[in-house]
Amino acid sequence: DAGVIQSPRHEVTEMGQEVTLRCKPISGHNSLFWYRQTMMRGLELLIYFNNNVPIDDSGMPEDRFSAKMPNASFSTLKIQPSEPRDSAVYFCASSSQRSSGNTIYFGEGSWLTVV
Amino acid sequence: DAKTTQPTSMDCAEGRAANLPCNHSTISGNEYVYWYRQIHSQGPQYIIHGLKNNETNEMASLIITEDRKSSTLILPHATLRDTAVYYCIVRPGNTGTASKLTFGTGTRLQVTL
């Protein structure tokens, strides 16, 4: 079975540019999570959705960040405009309350560098 | 979310059992204990979870104390590929609603020859 799929895997962009990260959750999962990981702050939850509806976006750092989930099989995390301090690994994860343990599964991450 | 306490780092010889402790003294009755690990440059990987009974799967065993205030993850025969940061997290399980994972700093396990 395919896991959580993220794209791009690596992106280098210039400060001020728009960045869009994409995520395809595991088929049948109805919850989706966006995390960010940096050396200084570790793994932080940015936002999560349940049945395509944002449940908790308290981790979104500021208005430059936005996330959408237009359907059950796709989500985006957008940064506009990007800044060097946004450089991090961004992980998408998904889970299903219908499956045993409500376990959350992670993708391999999108490595973002803003120069 | 209930907080967990883990040692910062541990070493283990290859082929020996790795026993990773975790304290979660404020765990609630509906919260499960989850273990994840993160190998360098990869996404967090689910290992195992449990509520109150000991659990075992192909990756590891989870021993939860009777009062549920602490647990131990056991990797029975550690290999070099088990070198990773291991996270112990408590979180509601089958609640029917979404619930998040809150990561701490974890235990950095180094498996050596």
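Parameters at a glance
- Residues numbered from 1 in each chain as written.
- Chains lettered and ligands numbered in written order.
- Predicted model: local features only at pLDDT ≥ 70, side-chain atom pairs only at ≥ 80, totals over all residues.
- Heavy atoms only, no water.
- Helix = DSSP H or I, 4+ residues; strand = E, 2+ residues; numbered from the N terminus.
- Buried < 20%, exposed > 50% of the residue type's maximum accessible area, 1.4 Å probe, protein only.
- Disulfide = S-S within 2.5 Å.
- Salt bridge = Lys/Arg side-chain N within 4 Å of Asp/Glu carboxyl O.
- Pairing = 2+ DSSP bridges.
- Lys, Arg positive; Asp, Glu negative; His and termini not counted.
- Polar contact = N/O pair within 3.5 Å; in protein donor to acceptor, adjacent residues only side chain to side chain.
- Axes fitted to C-alpha atoms, helices over the stretch in contact; angles between N-to-C directions.

Asker: When you look at unusual backbone geometry in this model, what are you seeing that I'm missing?
Answerer: Negative phi values dominate among residues other than glycine, just as trans dominates among peptide bonds. Across the junction of A:Ser7 and A:Pro8, the peptide omega takes the value -10°, indicating a cis bond. Along the chain, A:Pro8 turns up in the loop between strand 1 (5-7) and strand 2 (10-13). Of note, the amide linkage connecting A:Gln80 to A:Pro81 takes the cis form, showing an omega dihedral of -5°. Position of A:Pro81 relative to the elements: it lies in the loop between strand 8 (74-79) and strand 9 (88-95). The phi dihedral of A:Asn51 falls on the positive side, at around 50°, and the residue is not glycine. Summarising the element assignment, A:Asn51 is placed in the loop between strand 5 (42-50) and strand 6 (53-56). We classify A:Asn51 as partly exposed; its relative accessible area is 47%. With phi around 70°, B:Ser41 is a residue other than glycine that occupies positive phi space.

Asker: In this structure, what is going on with the state of the cysteines? I would like to understand it.
Answerer: A disulfide bridge is the covalent bond that connects two cysteines by way of their sulfur atoms. Residues and elements named next belong to chain B. All chains considered together, the criterion is met by 2 disulfides over all chains. Here Cys22 engages in a disulfide with Cys88; their sulfurs sit 2.1 Å apart. On the sign convention where negative is left-handed, the bridge of Cys22 and Cys88, at about -80° about the S-S bond, is left-handed. Note that Cys22 is positioned in strand 2 (residues 18-23) and Cys88 in strand 8 (residues 84-92), a separation of 66 residues in sequence. Residue classification places Cys22 among the buried residues on the basis of a relative accessible area of 2%. Not engaged in a disulfide, the cysteine Cys12 finds its nearest cysteine sulfur in Cys22; these two sulfurs lie 18 Å apart.

Asker: When you look at the pattern of salt bridges in this model, what are you seeing that I'm missing?
Answerer: Two side chains carrying opposite charge are able to pair once their charged atoms lie near each other. Residue and element names in this part refer to chain A. Across all of its chains, the model carries 10 salt bridges over all chains by this definition. Here Glu44 and Arg41 are joined by a salt bridge, their closest N and O atoms 2.7 Å apart. Residue classification places Glu44 among the buried positions, given a relative accessible area of 16%. A salt bridge links Glu83 to Arg85; the nearest nitrogen and oxygen atoms lie 2.5 Å apart.

Asker: How should I be thinking about the pairing of strand 5 of chain A in this particular structure?
Answerer: Looking down a regular strand, the side chains alternate between one sheet face and the other. All names here are of chain A. The buried fraction of strand 5 is high, at 8 of 9 residues. Bridge analysis of strand 4 (residues 31-38) against strand 5 gives 8 bridges, and the strand direction is antiparallel. The partner of Phe33 across the bridge, within strand 5, is Tyr48. Relative to strand 6, strand 5 runs antiparallel, the two sharing 3 bridges. Within strand 6, the position partnered with Tyr48 by the bridge is Asp56. Remark: 2 residues form the turn of the hairpin made by strand 5 and strand 6, two consecutive strands paired antiparallel; Asn51 in that turn has positive phi of roughly 50°.

Asker: In this structure, what is going on with the side chain of B:Glu31? I would like to understand it.
Answerer: Residues and elements named next belong to chain B. In this fold, Glu31 is placed in strand 3 (residues 31-38). Of the buried charged residues, Glu31 lacks a salt bridge, with Arg68 as the closest side chain of opposite charge at 6.1 Å. Here Ser28 takes part through its backbone nitrogen, which lies 2.9 Å from a polar atom of the side chain of Glu31.

Asker: How should I be thinking about the sheet that holds strand 7 (residues 65-71) of chain A in this particular structure?
Answerer: Pairing between the strands of a sheet comes from backbone hydrogen bonds, and it takes one of two forms, parallel or antiparallel. Residue and element names in this part refer to chain A. The strand order across the open sheet built from 4 strands is 1-3-8-7, with neighbouring strands paired in antiparallel fashion. Strands with a single pairing partner mark the edges of an open sheet, and in this sheet they are strand 1 and strand 7. For this sheet the average axis-to-axis angle between neighbouring strands, irrespective of direction, equals 15°. Summarising the sheet, strand 7 and strand 8 pair through 5 bridges and their orientation is antiparallel. Looking across to strand 8, one finds that Lys68 is bridged to Thr76.

Asker: So what exactly am I meant to see when it comes to the sheet that holds strand 4 (residues 45-50) of chain B here?
Answerer: Residue and element names in this part refer to chain B. Spatially, 1-9-8-3-4 is the arrangement adopted by the 5 strands of the open sheet, whose pairing is mixed. The sheet terminates laterally at strand 1 (9-13) and strand 4, the two strands that pair on one side only. Direction aside, the axes of adjacent strands within the sheet are offset by 25° on average.

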